[in-house]
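Reading the structure
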Amino acid sequence: NSQCDLTLMSSDMRTCYEYLRLTSRSFCAVIMALDEDLRYAVCIYYLVLRALDTVEDDMTIPVDEKIPLLKAFHEKLYEPDWHYTQSKEKDRVVLENFNIISSEFRNLAPVFQSVIADSCREMGYGMTVFLDAKIDTYDQWDEYCHYVAGLVGIGLSKLFTASGLENTVVGQDEAISNSMGLFLQKTNIIRDYYEDILQKRLFWPKQAWIKYGNSLESLKDPRNLNNAVACLNELVTDALKHIPDVLTYLSRIRNQSVFNFCAIPQMMAIATLERCYNNPHVFRKNVKIRKGAAVRLMDQSTSMLAIRNFMNHFCTKIYNRIPPIDPNAGRTRTAVSYGIGPG
Ligand code: PS7
Ligand code: MN
Ligand code: MN
Ligand code: MN
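Now for a look at the structure at hand.

Parameters at a glance
- Residues numbered from 1 in each chain as written.
- Chains lettered and ligands numbered in written order.
- Predicted model: local features only at pLDDT ≥ 70, side-chain atom pairs only at ≥ 80, totals over all residues.
- Heavy atoms only, no water.
- Helix = DSSP H or I, 4+ residues; strand = E, 2+ residues; numbered from the N terminus.
- Rg over C-alpha atoms; globule rule 2.2 N^0.38 Å.
- Buried < 20%, exposed > 50% of the residue type's maximum accessible area, 1.4 Å probe, protein only.
- Contact = heavy atoms within 4.5 Å.
- Areas by Shrake-Rupley, 256 points an atom, 1.4 Å probe, with all protein chains shown as cover.
- Lys, Arg positive; Asp, Glu negative; His and termini not counted.
- Charge placed at Lys NZ, Arg CZ, Asp CG, Glu CD.
- Donors = N, O, S within 2.8 Å, 3.2 Å for Na, K, Ca; no water.
- Phe/Tyr/Trp six-rings, centres within 6.5 Å; stacked < 30°, edge-to-face > 60°.
- Axes fitted to C-alpha atoms, helices over the stretch in contact; angles between N-to-C directions.
- Parallel < 35°, antiparallel > 145°, perpendicular 65-115°, else oblique.
- Left-handed = near helix turned anticlockwise from the far one by under 90°.
- Nonpolar A, V, L, I, M, F, W, Y, C, P; charged D, E, K, R; others polar.
- Expected span 1.5 Å × (residues − 1).
- Arc of directions from axis to C-beta.

What to know about the overall build of the chain
Scanning the chain from terminus to terminus reveals 19 helices and zero strands. Here the C-alpha radius of gyration of the chain, 20 Å, is about what a compact globule of 343 residues would show, namely 20 Å. When its C-alpha atoms are laid out on the principal axes, the chain stretches across 60 × 50 × 35 Å. Residues counted as buried form 52% of the 343 residues belonging to the chain. Taking all contacts inside the chain whose residues are at least 6 apart in sequence as the whole, residues at least 24 apart take part in 72%. In the structure as shown, the chain presents an accessible area of about 15,400 Å², 52% of it carried by carbon and sulfur atoms. Taken together, the 38 basic and 40 acidic charged side chains of the chain have centroids lying 8 Å from each other.

See below:
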């Protein structure tokens with residue numbers, strides 16, 4: 001990006017972009033391609049949330065220390081010396097050097113600061129709600145995903161509007177921004193079944209798996225494979241219901257760099273859901289989309305026409321693989337139909 005000359009930056013700014021590169025597989029390139037002021041605000045937002053998520057994920061931090069830390073995390077943005085050296089997680093660098101990130105945060109425009117700080121306050125609180133409480137119902141699944149991803153969609157949308165690059169409606173329509181986050185987070189939770197279960201993290205709602213097994217872990221038993229796949233298909237169907245909101249949201253975006261930033265992760269998500277649907281491998285390993293397919297999505301998710309074509313392609317592939325005897329076949333057909341044809 002020609003507007004992003006690393007040699008003209010302060011050393012702290014270069015350091016923050018380096019932390020972004022080190023900690024983000026999926027978001028680094030799309031963030032670096034954003035226009036000027038928005039790029040750095042989103043970079044800092046990412047690093048702050050990566051730090052908060054590292055606290056949430058770190059099972060070596062005792063709960064009586066973790067809860068106050070999550071709740072007060074937003075206040076650390078205004079404590080110049082605060083940093084945290086007790087994490088064992090792979091992304092701990094952002095906690096160990098949080099003082100650098102927070103000082104760059106305090107250099108952002110006040111309107112960017114308040115969006116990010118509010119988002120951290122709500123997310124930190126929400127994470128404490130689900131720290132040991134299991135996700136029972138579909139409503140609780142949506143609630144957890146709202147805290148860890150819907151709030152990110154809402155916060156990013158407010159940054160887009162505040163930057164002047166997008167219309168007011170983008171920042172104001174929180175329901176639709178929430179759906180953008182839920183579509184990504186549900187896809188992540190569905191795809192990561194195996195990885196998460198090995199780490200004793202349970203994110204699939206009980207209301208779904210109880211119909212198919214005695215426990216979430218039992219779904220990985222090869223003897224339960226038919227039931228496991230039926231459960232998987234039910235959750236994919238639930239995630240697919242966000243497609244209409246995703247298409248509406250993207251159709252409102254005017255700036256090309258913002259469009260690519262928003263569209264690429266959503267296209268990776270629908271491609272991932274297509275790979276996962278009715279796929280028993282989800283219970284034995286992490287299902288990934290093929291490298292070549294991912295590159296095409298990243299290069300070509302640049303217009304609504306392209307997005308509608310990709311959505312049509314993946315929804316049609318799912319449609320053609322719906323087993324007639326699947327308990328949710330009818331609901332799945334309805335959900336994918338919103339991604340097929342003129343919308
Ligand atoms: C600020 C770009 C664009 C309207 C750290 C982007 C973890 C799926 O934990 O790293 O490794 O399994 O694969 C990103 C909506 C959030 C939702 C949420 C913030 C899109 C902390 C991303 C990234 C809204 C909680 C990363 C939700 O997945 O997860 C910025 C519009 C962080 C977005 C977490 C998950 C994101 C996630 P893990 P990943
Ligand atoms: Mn987490
Ligand atoms: Mn995480
Ligand atoms: Mn995950």
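A few points about the coordination of the manganese ion (ligand 4)
Protein coordination at the manganese ion (ligand 4) comes from Asn188 (OD1) and Asp192 (OD), with a distance range of 2.1 to 2.2 Å. Between the manganese ion (ligand 4) and the manganese ion (ligand 3) the interatomic distance amounts to 5.7 Å. Classification of Asp192 as buried rests on a relative accessible area of 6%.

Side note on the packing of aromatic side chains
Scanning the model with the defined rule gives 16 aromatic pairs in all. With a centroid separation of 6.3 Å and an interplanar angle of 65°, the aromatic rings of Tyr138 and Trp141 are classed as edge-to-face. Of the two residues, Tyr138 and Trp141 are both situated in helix 9 (residues 138-162); the distance of three residues between them amounts to about one turn of the helix. Through pairs of rings, three or more aromatic residues link up here, namely Tyr125, Phe130, Tyr144, Tyr147 and Phe203.

Examining the coordination of the manganese ion (ligand 2)
At 2.1 to 2.2 Å from the manganese ion (ligand 2) lie its protein donor atoms, namely Asp53 (OD), Glu56 (OE) and Asp57 (OD). Separating the manganese ion (ligand 2) from the manganese ion (ligand 3) is a gap of 3.5 Å, which Asp53 spans by donating to each of them. Here Glu56 and Asp53 lie together in helix 3 (residues 36-57), a separation of three residues that amounts to about one turn. Here Asp53 and Glu56 have matching classes, each one buried.

Considerations on the packing of helix 3 against helix 8 (residues 110-129)
One way to put it is that helix 3 packs onto helix 8 with a least axis distance of 11 Å and a crossing angle of 20°. Considering their axes alone, helix 3 and helix 8 lie roughly parallel with respect to each other. The crossing of helix 3 and helix 8 is right-handed. Judged by residue contacts, Asp37, Ala41, Tyr45, Val48, Leu49, Leu52, Asp53 and Glu56 of helix 3 engage Phe112, Ile116, Ser119, Cys120, Met123, Gly124 and Met127 from helix 8. Residue composition of the contact of helix 3 with helix 8, grouped by class: 10 nonpolar, two polar and three charged.

So, helix 1 (residues 11-23)
In this model helix 1 runs 18 Å from its N-terminal to its C-terminal C-alpha over 13 residues, within 8% of the 18 Å that 1.5 Å per residue would give. Turning to helix 1, its buried residues number three or more, namely Cys16, Tyr17, Tyr19, Leu20 and Thr23. All buried residues of helix 1 fall inside an arc of 150° around its axis, so they share one side. In this structure, the buried residues of helix 1 make contact with helix 2 (28-32), helix 3, helix 6 (93-96) and helix 7 (98-105).

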